[in-house]
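Summary of the model geometry
Each chain, written out:
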Amino acid sequence: MKRLLRSPLLWTFIVSLVLLLAVGGWLLTDPATSRSEALKTGGIAGGAIVALYALWLNDRRRRVEERRQETERQRQELELRRADQDRDRISDERFAKAVELLGHDADQVRVGALHALAGLARGRAIYTQTVLDILCSYLRRPYKHPRYEGEAKRPGNKLPEAGDAEQEQELQVRQTAQRLIGDLLPAADSEGTPGYDLDLTGAVLEYFDLSERKVGKLLLRYGGLYSSTNLSGCVFLGPVYLTGAGTADEKKIGFFRCNEAKFEQRAWFSGVQFSEDAEFRGTVFAGETSFKDSVFAKTAEFGDSEFGDSLDLRRARFEGFCDLRFRKAPDSVSLYNTTVEPAKDHELPAGWVIETLSDGRARLTVKDG
């Protein structure tokens, strides 16, 4: 009974009936008003109350529906956040497990761990730099193999020296890590993609290929680059340091290709020893560039290269043929004791000459004026 008395519908009908009787009774007091007109007018007044109730009820339903939709939206957002948290937790667990497996004794387990890390980076870009750091740190680990004890590049199709079972297995793991680094880097011509940093200081690499890739900062100081290295078409957004690379007995540099690449900041090749041909054809050096104290044991090609800042060639040695016909000359160049092989027919920029020394050596100089 109490629930019925609290019903808005009941009170609406009561008020409507009371208004019908009140308006009709009031109008009947006027002799000019007929009974039918009084009833009609009273009905209209009572109906207006019912219409107002209907409007109120419709507005109430609308607000209830809006609250229901808001509640549903919040529930969906909560589920999405919960799903993201679960995905983060699963990714973190996969990451930790993969890193742990990198120390496993079995080489196939280590290879699987590397692929698991790469898959994680492909699925979630937030992990890409971290995964690249781990791959680089794995390659920075000390590693020796008989194939790195002789020449930096084997002639013809000569088979490399074989190591023991453990060395061969580790070689496969390291080559997998190298390939995955190249796979994870964005294409050089991709727009809006970041340049990821690579720290390969002291690493021993073979057939290292980053061609047509975009890189942030590259550190390869005192590293070894055996057989052939391909950096052609690369875009380096950050500074590049190869200082002292190729100088150790078991860290030499083989055939080095860096054609049509672009160094947007500093390019530092100070003290690098190129044991084989070094190619920089059509490469753009936008920042400071240094080959100070570097040694080019064989051909050095810089044809059509461009320089946007200074070039340091102090004490550099060109022991084979060199092509230095730049498309755009550097703003300033340092040539102190820059020696060349006098028996070679070198290609030089306008104004550069070869000066023969008393001891039979030759050096590069720039003519005054």
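Structure first, text after, so check above.
What this report covers is the structure whose coordinates are included nearby. (Residues numbered from 1 in each chain as written. Predicted model: local features only at pLDDT ≥ 70, side-chain atom pairs only at ≥ 80, totals over all residues. Heavy atoms only, no water.)

A short note on the overall build of the protein chain
Our working rule: Secondary structure elements follow DSSP: runs of H or I of four or more residues count as helices, runs of E of two or more count as strands, with numbering from the N terminus. Residue exposure (1.4 Å probe, protein chains only): buried if accessible area is under 20% of the type maximum, exposed if over 50%, otherwise partly exposed. In this description, accessible areas are obtained by the Shrake-Rupley approach with a 1.4 Å probe, and a residue is regarded as covered only by the protein chains that are shown.
Looking only at helices and strands, the protein chain has 6 helices and 23 strands in total. For the protein chain, buried positions account for 40% of its 369 residues. When the accessible surface of the protein chain is split by element, carbon and sulfur atoms take 52% of a total near 20,300 Å².

Focus: the packing of aromatic side chains
Selection rule: In this scheme Phe, Tyr and Trp rings, the latter by its six-membered ring, pair at centre separations within 6.5 Å, and the angle between planes marks the pair as stacked below 30 degrees, edge-to-face above 60, and tilted otherwise.
Evaluated as defined, the whole model comprises 21 aromatic pairs. Arranged with centres 4.8 Å apart and planes meeting at 10 degrees, the rings of phenylalanine 236 and phenylalanine 263 form a pair that is stacked. With phenylalanine 236 in strand β5 (residues 235–236) and phenylalanine 263 in strand β8 (residues 262–263), the pair connects residues that are 27 residues apart, well separated along the chain. In this structure, phenylalanine 236 and phenylalanine 263 share a single accessibility class: buried. Ring plane angle 65 degrees and centroid distance 5.4 Å describe the contact between phenylalanine 256 and phenylalanine 274, whose orientation is recorded as edge-to-face.

Overview of the packing of helix α4 (residues 107–123) against helix α6 (residues 165–184)
Using the following cut-off: Lines fitted to C-alpha atoms define the axes here, with helix axes fitted over just the stretch in contact, and angles between the N-to-C directions of these axes take values from 0 to 180 degrees. Geometric relationships in this document are graded by angle, where less than 35 degrees denotes roughly parallel, more than 145 denotes roughly antiparallel, 65 to 115 denotes roughly perpendicular, and other angles denote oblique. Note on contacts: a residue pair qualifies if any of its non-hydrogen atoms lie within 4.5 Å across the two residues.
At their nearest, the axes of α4 and α6 sit 9 Å apart, and the two run at 10 degrees to each other. One finds that α4 runs roughly parallel with respect to α6. Here Asp107, Arg110, Val111, Leu114, His115, Ala118, Ala121 and Arg122 of α4 come into contact with α6, specifically with Gln169, Glu170, Val173, Thr176, Ala177, Arg179, Leu180, Asp183 and Leu184.

Some remarks on the sheet that holds strand β15 (residues 300–301)
Rule in force here: Note on pairing: DSSP must find at least two bridges between two strands before they are called paired.
Reading across the sheet, the 6 strands line up as β2-β4-β7-β11-β15-β19 and stay open at both edges, with parallel pairing between neighbours. The open sheet has two free edges, formed respectively by β2 (204–209) and β19 (322–323), since each of these has just one partner strand. In the sheet, β15 pairs with β19 via 2 bridges, with the strands oriented parallel. The partner of glutamate 301 across the bridge, within β19, is aspartate 323.

Let's talk about the environment of valine 353
Inspection of the secondary structure assignment puts valine 353 in strand β22 (residues 352–356). What makes valine 353 partly exposed here is its relative accessible area of 27%. Once the C-alpha coordinates of valine 353 and arginine 363 are considered, the two residues, 10 residues apart in sequence, prove to be 8.3 Å apart. If we ignore the near neighbours within four places in the chain, the residues touching valine 353 are Leu348, Arg363, Leu364, Thr365 and Lys367.

A look at the pairing of strand β1 (residues 196–199)
Residues Tyr196 and Leu198 of β1 are buried on one face, while the alternating residues Asp197 and Asp199, pointing to the opposite face, are not. Sheet analysis places β1 next to strand β3 (residues 214–219), joined by 3 bridges and oriented parallel. From the neighbouring strand, leucine 198 faces β3, where its bridge partner is leucine 218.

Comments concerning the sheet that holds strand β14 (residues 295–296)
Strand order across the open sheet formed by 6 strands is β10-β14-β18-β21-β23-β22, with mixed pairing between neighbours. Edge positions in the sheet fall to β10 (273–274) and β22, since each of these pairs with one other strand and no more. Direction of pairing for strand β21 (residues 339–340) relative to strand β23 (residues 362–366): antiparallel, over a ladder of 2 bridges. Across the sheet, threonine 339 pairs through a bridge with arginine 363, a residue of β23.

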